[in-house]
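# Breakdown of the fold
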Amino acid sequence: MVLKIFFPQCCTTADSGLLVGCWIPDQDSAVVLAVVHYPFIPGQVKRYLTEIRSQTDVDLTVLGSWSMPKEGQEGMDSFLKDLSTIFPHSRWLQLSREIGKRGEGSVRDENEKVIIVHYDQRKVMLSQLHPVQEGVSHSKMEQSALRAVFHTVAQSHPLFFIDKYDDGPLKLTHWQSEGREASIIAELVKQGSVPVCKLLTWMLSLWSWLGSIRLLNVPPVRFISSKLSTCVQLGYRTEHLQTVSSTRKATEHMEFMRKANIFVSFLLDMALGLLLIAWLYRENRIGKLASTLVPVADHVAKELRELLEWLMGAPAGLKMNRALDQVLGRFFIYHIHLWISYIHLMSPFIEMILWYVGLSACLGLTFALSVLSDMVALLTFHIYCFYVYGARLYCLKIYGLSSLWRLFRGKKWNVLRQRVDSCSYDMDQLFIGTLLFTILLFLLPTTALYYLVFTLLRLVVVLFQGLIHLAVDLLNSFPLFAMGLRVCRPYRLAEGVKFRVLCEEEGTPLHLMMEINPIKVSAVLQYYRTPTYSCYPRDSWMALCKKLFVGELIYPWKHKTTKTD
Amino acid sequence: MADDSLTDIYGNRIGVACRCHSDLCREVTVSGPKLSLRSVLVYTCGVWLLAYAAFCCTENTAVLSCAIILTLVGLMVYIHFFKVDHESLLIIGSLGVQLSSSYASGRECTSFIEMSKIKDVVINEAVYMHRVIYYLCILIKDPADPHAVSSVLPLFQSSKPRLKCLIEVYKTCQEILAQS
């Protein structure tokens, strides 16, 4: 078996001393975590190691000795060799640095092949291997050697607290031995965030209590609030904030990343919302918007009326059934008239409503977009109504036609067996059936044309709303923090490792440099995308076309909530 | 081992270099043909002539600037994402196998497979239309069943060397794998 020694780069210039680390017996490897310098008292070293072993679950032992030849320390080599008798071990490593050559040599007891892998301790400690396996350290499953190395270094956090300026009995060399790095701002923010989180949690509990009172949970209110995307977004953001403001520190990597992603996307949302407000409320844009809203609604109504009058005539040269045409056309024109009167009734209040609704953008750009989507839905409610009327009429006609067509051929739909059976009809049944069939057939083009026109209009509105929802979803779910980490600190999100052969010489073991291979950008999205209610088409294209042909009402966007209903 | 008569499956000349870092570690680099100046010139001239013809018809200078931008962007995308300069295989006994492709712009794309996941390195043959192509591949173990193969990872996908070269690489790999 080949022995693999993972040696930190920061220790290659350390003074002579003891190697402290951990064995990974299954893979026949050793991870060196620090070097304890001479002079030391063996009893104190043993005590310190037991202390660290109890704080973490890393099996720290003395692995061997490290010698860096210096002037005036010729007796060091034999002294270090004698140390192997003091510390209990199954194997003893002896690494020595040879000045003048670039590499290191190693003197071993047995004749075995050795590979020395150099690694950057700080990067390996901070990095996280993907795919993330949480809690696997508790199971006795076989881990790959690399995962074991990463896990060991990450868990040995308490070992890296002693730096070389400490007055303690031991002097260690590791990546932090020049002194612990910390930033005052980060510490202050950490201290200050605890009361802020407590306040936020209290406010959120108040808000959710308000939301759950009996009056607001009456079914009609609940139905409306499930249809309005603003309420959905509000509920969703409350959930997010509850995740972020919990005072419990995130122990696992995925939890920490989720909190960070939600926090950063929330900040971005607020910033964009405030920018929008700053732009909207300057130069009285709200007033201009309000004053153009009523003329636009009027214009749309006029266009619709012209469209209906065109349909009532001879649209595209087709000859329609005069009576039905007039009935349907007048029915829809009356609706438009009602709608326009309603809009005109509201017109004095529109500016005020818009002004207050625009303020909701301070809660975030996603809110502003949801409000826009809801406003579009409300303003095009008449188109939705027309679509429903047209679709229902068409659907009834199609069902009637198909049923009477079966009668025409002497067949019947068997509801019990869900199949078409033959049936003998009476003479008068056949007569009336055929008559009705003919009537429905000749009225089909008229109804079909109305249905087609209003379905197209409805699809345009749905498309617009769908685009807005896509934008909202993107803002909600994009993992900004993870993406920023991938761009600025790529070693923290690791897919694997890369090896590079350092200079090789005869007689010395193989030296490799282990570097971290960061994950691909598409993998960041895959692992860290915040689960949201994603708007995706409920039906495939074929199913959608079939529904349109038959006249069933379509709700193309399915809202999937994260909670199970 | 740098043989001049090695070609890839289409007949283009490739270069193969094998380095022995130690008796546990070998590295094989297969380099494909470099980006030829002739093809770049042909492509650029073709696009610009078309753009000039369009300009003569429409008298709009935006067509010319579009053509320039298109040529530049197309060239950059090609050398950064598509043109592979060389592919290398670094095999380290009892540690694993590292595959790396480096593109003409200098970008390197590396992946490392641990020895515990590798079942074997074999030469497979694939029948594609009227030709039989030999390729070297790594058999990856299934974590649930150590005797089953969960996936096959083909090597040297862009340079596609022929059987003679593959046999040399295969022998090198088997020497190292036999030791661990």
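Residues numbered from 1 in each chain as written. Chains lettered and ligands numbered in written order. Predicted model: local features only at pLDDT ≥ 70, side-chain atom pairs only at ≥ 80, totals over all residues. Heavy atoms only, no water.

### So, the interface of chain B and chain A
The partner chain A presents 16 residues to the 18 residues of chain B that form the contact. Sorting the residues of chain B by area buried against chain A places Leu24(B), Leu95(B) and Glu114(B) first, and these three jointly supply 30% of that buried surface. Joining chain B to chain A, the criterion identifies zero salt bridges. Scanning the region where chain B abuts chain A turns up four residue pairs in polar contact (both at pLDDT 80 or more). Elements supplying a minimum of two residues to the side of chain B that touches chain A: strand 1 (15-22), strand 3 (84-92) and strand 5 (108-114) of chain B. Its residues placed into classes, the side of chain B that touches chain A shows seven nonpolar, eight polar and three charged. (Contact = heavy atoms within 4.5 Å. Buried area = accessible area lost by both parts, 1.4 Å probe. Salt bridge = Lys/Arg side-chain N within 4 Å of Asp/Glu carboxyl O. Polar contact = N/O pair within 3.5 Å; in protein donor to acceptor, adjacent residues only side chain to side chain. Helix = DSSP H or I, 4+ residues; strand = E, 2+ residues; numbered from the N terminus. Nonpolar A, V, L, I, M, F, W, Y, C, P; charged D, E, K, R; others polar.)

### Regarding the sheet that holds strand 7 (residues 131-141) of chain B
Residues and elements named next belong to chain B. Spatially, three strands are ordered 6-7-8 in an open sheet, and the strand pairing comes out antiparallel. Edge strands, defined here as strands with exactly one partner in the open sheet, are strand 6 (118-128) and strand 8 (149-154). The mean angle between the axes of side-by-side strands here comes to 35°, regardless of whether they run parallel or antiparallel. In this sheet, strand 8 lies alongside strand 7 in antiparallel orientation, the contact comprising five bridges. Across the sheet, residue Cys137 finds its bridge partner in strand 8, namely Pro154. Set on the sheet, helix 3 (residues 163-179) makes contact with strand 6 and strand 7; between it and strand 6 the angle comes to about 165°. (Pairing = 2+ DSSP bridges. Axes fitted to C-alpha atoms, helices over the stretch in contact; angles between N-to-C directions.)

### Some thoughts on the domain arrangement of chain B
All names here are of chain B. On domain assignment, one finds that chain B holds domain 1 (15-35 + 83-179) and domain 2 (37-81). Between domain 1 and domain 2, the residue contacts involve six residues of the former and six residues of the latter. Taken over both partners, the interface formed by domain 1 and domain 2 buries close to 650 Å², and the fraction arising from carbon and sulfur atoms is 57%. It is Leu35, Lys83 and Arg107 that lose the most area in domain 1 upon contact with domain 2, and together they represent 71% of the buried surface on that side. Applying the counting rule to domain 1 against domain 2 returns zero salt bridges. Each residue belonging to the side of domain 1 that touches domain 2 can be placed in one class, and the counts come to three nonpolar, one polar and two charged. (Domains from an automatic or database assignment.)

### Section: the packing of aromatic side chains
Evaluated as defined, the whole model comprises 22 aromatic pairs over all chains. Taken together through their ring pairs, the aromatic side chains of Phe331(A), Phe332(A), Phe386(A), Tyr389(A), Tyr450(A) and Phe454(A) make up a single cluster. Between Arg107(B) and the ring centre of Tyr103(B), over which it is positioned, the NZ or CZ distance is 4.3 Å. (Phe/Tyr/Trp six-rings, centres within 6.5 Å; stacked < 30°, edge-to-face > 60°. Lys NZ or Arg CZ within 6 Å of the ring centre and 35° of its normal.)

### Quick word on the confidence of the model for chain A
Per-residue confidence for chain A gives a mean pLDDT of 82; residues scoring 70 or more make up 91%. Below a pLDDT of 50 lies the segment residues 560-565 of chain A, which in the model reaches nine contacts outside its immediate sequence neighbourhood of four places, other chains included. (pLDDT = per-residue confidence, 0-100.)

### What to know about the pairing of strand 7 (residues 114-119) of chain A
Residues and elements named next belong to chain A. Counting buried residues in strand 7 gives six out of six residues, a clear majority hidden from the surface. Residues Val114, Ile116 and His118 of strand 7 are buried on one face, and the alternating residues Ile115, Val117 and Tyr119, pointing to the opposite face, are buried as well. Bridge analysis of strand 1 (residues 3-8) against strand 7 gives six bridges, and the strand direction is parallel. Within strand 7, the position partnered with Phe6 by the bridge is Val117. When strand 7 meets strand 13 (residues 510-518), the two strands line up parallel, connected through five bridges. Considered in strand 13, the bridge of Ile116 is made with His511. (Buried < 20%, exposed > 50% of the residue type's maximum accessible area, 1.4 Å probe, protein only.)

### A look at the sheet that holds strand 3 of chain B
Residues and elements named next belong to chain B. Spatial ordering of the open sheet is given by 1-2-3-4-5, a layout of five strands whose pairing is antiparallel. Taken across any chain shown, the strands that pair with only one partner, and hence form the sheet edges, are strand 1 and strand 5. Taken pair by pair, the neighbouring strands of this sheet meet at an average axis angle of 15°, ignoring direction. Summarising the sheet, strand 2 (residues 25-31) and strand 3 pair through seven bridges and their orientation is antiparallel. Paired with Glu27 across the bridge in strand 3 is Leu90.

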